[in-house]
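Spelled out from the first residue to the last, the chains are:
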Amino acid sequence: MTPEPLVEVHEDGPALATAVAGELLSRLADAQDAGGVPRIALTGGTIADQIHREIARLTPGSEVDWGRVVVWWGDERFVAPESPDRNSGQARAAFLDAVGATQVHEMPSTADASDVDAGAAAYADALRRHGSGEFDIVMLGIGPDGHIASLFPGFPQLDADAIAVGVTGSPKPPPERISLTLPALNRARSVWFLVSGSGKARAVAAALGGADVHEIPAAGVAGREETVWFLDREAASAL
Ligand SMILES: O=C(O)[C@H](O)[C@@H](O)[C@H](O)[C@H](O)COP(=O)(O)O
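Note that this is a predicted model, so its numbers are computed, not measured.

What counts and what doesn't
Residues numbered from 1 in each chain as written. Predicted model: local features only at pLDDT ≥ 70, side-chain atom pairs only at ≥ 80, totals over all residues. Heavy atoms only, no water. Helix = DSSP H or I, 4+ residues; strand = E, 2+ residues; numbered from the N terminus. Rg over C-alpha atoms; globule rule 2.2 N^0.38 Å. Buried < 20%, exposed > 50% of the residue type's maximum accessible area, 1.4 Å probe, protein only. Contact = heavy atoms within 4.5 Å. Polar contact = N/O pair within 3.5 Å; in protein donor to acceptor, adjacent residues only side chain to side chain. Axes fitted to C-alpha atoms, helices over the stretch in contact; angles between N-to-C directions. Parallel < 35°, antiparallel > 145°, perpendicular 65-115°, else oblique. Left-handed = near helix turned anticlockwise from the far one by under 90°. Nonpolar A, V, L, I, M, F, W, Y, C, P; charged D, E, K, R; others polar. Core = buried A, V, L, I, M, F, W, Y, C linked by side-chain atoms within 4.5 Å. Near = heavy atom within 4 Å. Areas by Shrake-Rupley, 256 points an atom, 1.4 Å probe, with all protein chains shown as cover. Salt bridge = Lys/Arg side-chain N within 4 Å of Asp/Glu carboxyl O. Pairing = 2+ DSSP bridges. Expected span 1.5 Å × (residues − 1).

1. Regarding the overall build of the protein chain
Part 1 of the reasoning: Broken down by element type, the protein chain carries 6 helices and 10 strands.
Part 2 of the reasoning: The C-alpha radius of gyration computed for the protein chain amounts to 16 Å, which stays within 12% of the reference 18 Å derived for 239 residues, consistent with globular compactness.
Part 3 of the reasoning: Overall size of the protein chain, expressed as C-alpha extent along the three principal axes, is 40 × 40 × 35 Å.
Part 4 of the reasoning: Considering the protein chain as a whole, with its 239 residues, one finds that 53% of them fall into the buried category.
Part 5 of the reasoning: Partitioning the contacts of the protein chain with sequence separation of at least 6, the portion at a separation of at least 24 is 77%.

Shown next, in the form of structure tokens:
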């Protein structure tokens, strides 16, 4: 039985980004102090980018050695490696390069795999090889429709039991994506939802209210030890 989700509300997006970045650095430092090499999965999106930039700003004042953090993604757009749409490219620009992250496992691009399903299979193999099916922290944005990663309402991938899946016809452009599945995401010790803005308020309330996962995919994700909803006031306004 996973513990009840925690809800943390911050004034606005910038305050939310600072709080999440600070909490992440604190958790990573604690894990490293205990001799661990923490494994995290990043997400894409607007608030995630703000959080990433705060991580870059706050890291110099932290004890975190980013060379001893293993970085994965929960989802990625299946586009050319240099495309500005790539979640990994955005994260590298926002903080990974600046903080010196070296154990970074990007999801395949169109240059790495013949198609989106082959890319998903390759990422699943990489996760199995590195034994990192057990993430310490998975971070997830959420769409107005309740999607998380690239798992969208009504899509068959919501019922997949593979580690990673290809997605085509995404309602959020670009259309082709690779995503971890619900079983893979739910193997995380901690799941953090990162949500800013009134446009997500209905989805947040529905997910916390026990909506059907096929209607609100966010309702189907929980950490084995912890689930935290990091919200700003607008995103929390329907609770
Ligand atoms: O690749 C993606 O698009 C993301 O992983 C996606 O799941 C995102 O996190 C949400 O759509 C929220 O995005 P915004 O924060 O930009 O609304």
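2. Thoughts on the environment of Asp115
Part 1 of the reasoning: Structurally, Asp115 is set in the loop between strand E5 (103–104) and helix H4 (116–129).
Part 2 of the reasoning: Sequence separation between Asp115 and Ile148 is 33 residues; the distance between their C-alpha atoms is 22 Å.
Part 3 of the reasoning: Within the structure, Asp115 has its side chain in polar contact with the backbone nitrogen of Asp117 (distance 2.9 Å).

3. Some details on the packing of helix H1 (residues 13–33) against helix H2 (residues 46–58)
Part 1 of the reasoning: It is the contact of H1 with H2, at a shortest axis distance of 8 Å, that shows an interaxial angle of 55°. Between H1 and H2, the angle falls in the class oblique. When you trace H1 past H2, the crossing you get is right-handed. Residues Gly13, Pro14, Leu16, Ala17, Thr18, Val20, Ala21, Gly22, Leu24 and Leu25 of H1 touch H2, and the partners they reach there are Ile47, Gln50, Ile51, Glu54, Ile55, Arg57 and Leu58.
Part 2 of the reasoning: Grouping the constituent residues of the contact of H1 with H2 by class yields 11 nonpolar, 4 polar and 2 charged.

4. Quick word on the nonpolar core
Part 1 of the reasoning: By size, the foremost hydrophobic cluster in this structure holds 74 residues, and its most contacted members are Trp66, Ile148 and Leu180.
Part 2 of the reasoning: Apart from the residues within four sequence positions on either side, Trp66 is in contact with Leu24, Leu25, Leu28, Ile40, Ile55, Thr59, Val71, Phe95, Val99, Gly100, Ala101 and Thr102.

5. Regarding the site of the ligand
Part 1 of the reasoning: What surrounds the ligand is a group of 15 residues, the closest being Thr46, Asp75, His147, Ala149 and Lys200.
Part 2 of the reasoning: One of the side-chain nitrogen or oxygen atoms of Asp75 is found 2.6 Å away from an oxygen atom of the ligand.
Part 3 of the reasoning: Take Asn87: an N or O atom from its side chain is 3.0 Å from an oxygen atom of the ligand.
Part 4 of the reasoning: Here the ligand loses 91% of its free accessible area of 420 Å² to cover by the protein chains.
Part 5 of the reasoning: Of all the elements in the fold, those that place two or more residues in the shell around the ligand are H2 and strand E4 (75–77).

6. Concerning the pattern of salt bridges
Part 1 of the reasoning: Inspection of the entire model under this criterion finds 15 salt bridges.
Part 2 of the reasoning: We note a salt bridge from Arg39 to Asp136, for which the minimum N-O separation is 3.1 Å. With Arg39 in strand E2 (residues 39–42) and Asp136 in the loop between H4 and strand E6 (137–140), this residue pair connects regions lying 97 residues apart in the sequence.
Part 3 of the reasoning: Residue classification places Asp136 among the buried positions, given a relative accessible area of 15%.

7. A few points about the sheet that holds strand E8 (residues 177–180)
Part 1 of the reasoning: Strand order in the open sheet formed by 3 strands is E4-E8-E7, and the pairing between neighbours is antiparallel. Among the strands making up the open sheet, the edge pair consists of E4 and strand E7 (164–167). Averaged over all pairs of adjacent strands, the angle between strand axes in this sheet comes to 15°, irrespective of strand direction.
Part 2 of the reasoning: Sheet topology note: the E4/E8 ladder contains 3 bridges and is antiparallel.

8. Here we look at H2
Part 1 of the reasoning: Compared with the 18 Å implied by 1.5 Å per residue over 13 residues, the 19 Å span of H2 between its first and last C-alpha is a close match.
Part 2 of the reasoning: Of the residues making up H2, those classed as buried are Ile47, Ala48, Asp49, Ile51, His52, Glu54 and Ile55.
Part 3 of the reasoning: Contact partners of the buried residues in H2: H1, E2, helix H3 (87–99) and strand E9 (190–195).

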